[in-house]
There are 2 protein chains.
Amino acid sequence: MTSKGVSDIECRAGHVLFEQGQVGDRAYIVRKGLLEVSRKVRGRKIVFGTVGPGEIVGEMALIDDQPRMATVTALDDCDLVAVERAHFRARIDATDKTTRHLLHKFIHLLRAMADELGEEITKIK
Amino acid sequence: MTSKGVSDIECRAGHVLFEQGQVGDRAYIVRKGLLEVSRKVRGRKIVFGTVGPGEIVGEMALIDDQPRMATVTALDDCDLVAVERAHFRARIDATDKTTRHLLHKFIHLLRAMADELGEEITKIK
């Protein structure tokens, strides 16, 4: 099913949905299955968590136009709804200025904290 | 000046605007001055950053009804605009469901990352 910038997709366990550093062109809503969110810092893989049914992943890069902050890998066979960049952005751009400011602020803080956390975890004390 | 849940306030350098763990009743827009955002983890103060003119602080607890995640202290004499909880929430509640979901998700991740970062910084490796 494809309509208005939204399409159903399936992926197999082990499939890399997107990789840290890539340009983001889609966000994904999880219908079925579990995906792992991880980053590589100084060659070490750090798992930040998982996303499952009802959750959205990959939206940050669509909001702030920065590269993907993490790699997302399917842990199971997954059913996803892919939302195209323009379709997603139209919704965000329609919200009021204060809310958009907050979304940008939170993403900025999340990226900064993910960097710091990566540094701390891989630091030799 | 006070109108519709918004009021101008001044605070002196050193004043603690709010403390980690408190119930949040207001958000603040910074007009003048700099404020420090910090947390206490295992008795150690961790500075997360500063907020300055044009920035908003204290809004997370108003969105997710959880206690203040950090302590905010004025570093200079500051001019702020205090926004009452109900006034702030009315704006958030008026945004679409997807955007509200994202705001909640980002705050949830920020709180979790702040906890993890605190643990990592104070960990003896």
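Please refer to the structure placed before this passage.
The present account deals with the structure reproduced in this document. All of these numbers come straight from a predicted model, not from anything done at the bench.

Parameters at a glance
Residues numbered from 1 in each chain as written. Chains lettered and ligands numbered in written order. Predicted model: local features only at pLDDT ≥ 70, side-chain atom pairs only at ≥ 80, totals over all residues. Heavy atoms only, no water. Pairing = 2+ DSSP bridges. Helix = DSSP H or I, 4+ residues; strand = E, 2+ residues; numbered from the N terminus. Axes fitted to C-alpha atoms, helices over the stretch in contact; angles between N-to-C directions. Contact = heavy atoms within 4.5 Å. Salt bridge = Lys/Arg side-chain N within 4 Å of Asp/Glu carboxyl O. Buried < 20%, exposed > 50% of the residue type's maximum accessible area, 1.4 Å probe, protein only.

## Details of the sheet that holds strand β5 (residues 35-41) of chain A
Residues and elements named next belong to chain A.
And then number 1: As summarised here, the arrangement of the four strands in space is β3-β8-β5-β6, forming an open sheet in which the pairing is antiparallel. Every interior strand has two partners, whereas the edge strands, β3 (16-18) and β6 (44-51), have only one. Recorded for the sheet is a direction-independent mean angle of 30° between the axes of neighbouring strands.
And then number 2: Across two bridges, the pairing between β3 and strand β8 (residues 71-74) is antiparallel. Directly across from Val 16, in β8, lies its bridge partner Thr 73.
And then number 3: In the packing of helix α3 (residues 97-122) onto the sheet, the strands contacted are β5 and β6, and the crossing angle to β6 comes to about 130°.

## Here's the deal with the pattern of salt bridges
And then number 1: Tallying each qualifying case throughout the model produces 24 salt bridges over all chains.
And then number 2: Across the salt bridge formed by Arg111(A) and Asp64(A), the nearest N and O atoms sit 2.7 Å from each other. You can see Arg111(A) sitting in helix α3 and its partner Asp64(A) sitting in helix α1 (residues 60-64), a full 47 residues away along the chain.
And then number 3: By relative accessible area, which is 16% here, Arg111(A) ends up buried.
And then number 4: Using a relative accessible area of 16% as the deciding quantity, one classes Asp64(A) as buried.
And then number 5: Arg91(B) is paired through a salt bridge with Asp96(A); the nearest N and O atoms lie 3.8 Å apart.

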